[in-house]
Amino acid sequence: MHLSLNPFVMMPSVVLVEPEGPANIGMVARTMKNFGFSRLVLVNPNLSEESYSYAVHARDVLKNATIVETFEEALELFDLTVGTTGKPGRRFISYRAPLYPWELRETLKGYTGEVGLFFGRESIGLKNEELERLDLIVTIPTSEDYPVMNLAQAVAVILYELSKTRPEPSVEALKPATRDEKEALVRVWAELLKVLEYPKDEERREVFVKVFRKAVGKAFLYGREVHTLIGPLRRAVKRLEEC
Ligand SMILES: C[S@@+](CC[C@H](N)C(=O)[O-])C[C@H]1O[C@@H](n2cnc3c(N)ncnc32)[C@H](O)[C@@H]1O
């Protein structure tokens, strides 16, 4: 029996960061089409004719893929970014409370912003500094003996879970905050810490800013909420500067 998937309100993109195997890229495209996903972003990929052979009837997904040079460029495309790893739990900020795929599905229910699901290189996965830049982390529970899955299979499991989404239509007034809005909030927070000289040490302040950015990323704020939060923070910065 074939699945007839409901049209998505939330249609995440799959982002492959520096995929090394041309065959894997094709298999990911095929998997995406299997589950009704079409937006593929490739960061500096090793793409070849072989990729198209492995895509089989999903060549269109490959043809329409957005190709960018750097991880940074890919980040800029999304309002919410999700990293994937088979090895969660190593570092405090990036790995706090990784989600399971079905929890991600529930978390994204009704979300209408642009979502990027980031998958790592076959050899080294996503680097720690990349994982730190992503808003949420997802891990597929696997055997402790061998937790790391093949790239295309990991994509399949996550898309399978997400394809079960039946999101509520969004209310126009409740638009999710864009990446720029969230960054504006983080900037004003950083300014406040600076004028407060809290913590005194600049490096420690940067850690506080990172934690704040993570919290903002996980909070699924609406644009309106971000503006409501920015207002008083700006006022506080101004008052302190006048003192
Ligand atoms: C072959 S794995 C990377 C292996 C790499 N040696 C490592 O240790 O991270 C390629 C990608 O598949 C995804 N992946 C593999 N296993 C996963 C799991 N258990 N949960 C979530 N994603 C997984 C991640 O995106 C990972 O970066």
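One can find the structure itself at the top, above this paragraph.
Residues numbered from 1 in each chain as written. Predicted model: local features only at pLDDT ≥ 70, side-chain atom pairs only at ≥ 80, totals over all residues. Heavy atoms only, no water.

Undergrad: Help me out: how do you make sense of the overall build of the chain in this one?
TA: A tally of regular secondary structure across the chain gives 11 helices and six strands. In the chain, which comprises 243 residues, the proportion classed as buried is 45%. If you take every contact in the chain between residues at least 6 apart in sequence, the share linking residues at least 24 apart comes to 83%. A total of about 13,400 Å² of accessible surface is found on the chain, and carbon and sulfur atoms cover 52% of it. (Helix = DSSP H or I, 4+ residues; strand = E, 2+ residues; numbered from the N terminus. Buried < 20%, exposed > 50% of the residue type's maximum accessible area, 1.4 Å probe, protein only. Contact = heavy atoms within 4.5 Å. Areas by Shrake-Rupley, 256 points an atom, 1.4 Å probe, with all protein chains shown as cover.)

Undergrad: Quick question: what am I supposed to make of the sheet that holds strand β3 (residues 66–68) here?
TA: Two modes of strand pairing occur in sheets, parallel and antiparallel, and in both the strands are linked by backbone hydrogen bonds. Strands sit in the order β3-β2-β1-β5-β4-β6 across an open sheet of six strands; the sheet is parallel. Each having just a single partner strand, β3 and β6 (136–138) make up the two edges of the open sheet. Ignoring strand direction, the axes of neighbouring strands in this sheet form an average angle of 25°. Across three bridges, the pairing between strand β2 (residues 40–43) and β3 is parallel. (Pairing = 2+ DSSP bridges. Axes fitted to C-alpha atoms, helices over the stretch in contact; angles between N-to-C directions.)

Undergrad: How do you make sense of the nonpolar core when you look at a structure like this?
TA: Nonpolar side chains tend to gather and get buried jointly when the protein is soluble and globular. Counting residues in each nonpolar core, the largest one holds 37 residues, and the members touching the most others are V28, L40, L104 and L117. When residues in this core are grouped by element, the largest group, seven residues, is from helix α8 (residues 151–162). Each residue touching V28, except ones within four places of it in the same chain, is listed here: V14, L16, L40, L151, A152 and V155. In this structure, A184, L185, L192 and V216 belong to the second largest nonpolar core, which totals 15 residues. (Core = buried A, V, L, I, M, F, W, Y, C linked by side-chain atoms within 4.5 Å.)

Undergrad: Would you mind going over the site of the ligand with me for this structure?
TA: Neighbouring residues of the ligand: 21 residues in total, closest T84, G120, S123, I140 and M149. A distance of 2.6 Å separates an oxygen atom of the ligand from a polar atom in the side chain of T84. Interatomic distance of 3.2 Å between a backbone N/O atom of P147 and a nitrogen atom of the ligand. In isolation the ligand offers 570 Å² of accessible surface; the protein chains occlude 90% of this area. Residues that form the shell around the ligand fall into these classes: 10 nonpolar, eight polar and three charged. (Near = heavy atom within 4 Å. Polar contact = N/O pair within 3.5 Å; in protein donor to acceptor, adjacent residues only side chain to side chain. Nonpolar A, V, L, I, M, F, W, Y, C, P; charged D, E, K, R; others polar.)

Undergrad: Just to check I follow, could you spell out the packing of helix α1 (residues 22–34) against α8 for this structure?
TA: At a minimum axis distance of 9 Å, the contact between α1 and α8 shows a crossing angle of 15°. It follows from the interaxial angle that α1 and α8 lie roughly parallel. Seen along the crossing, α1 lies across α8 with a hand that is right-handed. Across the interface between the two elements, N24, M27, V28, T31 and M32 from α1 touch L151, A152, V155, A156 and L159 from α8. Its residues placed into classes, the contact of α1 with α8 shows eight nonpolar, two polar and no charged. (Parallel < 35°, antiparallel > 145°, perpendicular 65-115°, else oblique. Left-handed = near helix turned anticlockwise from the far one by under 90°.)

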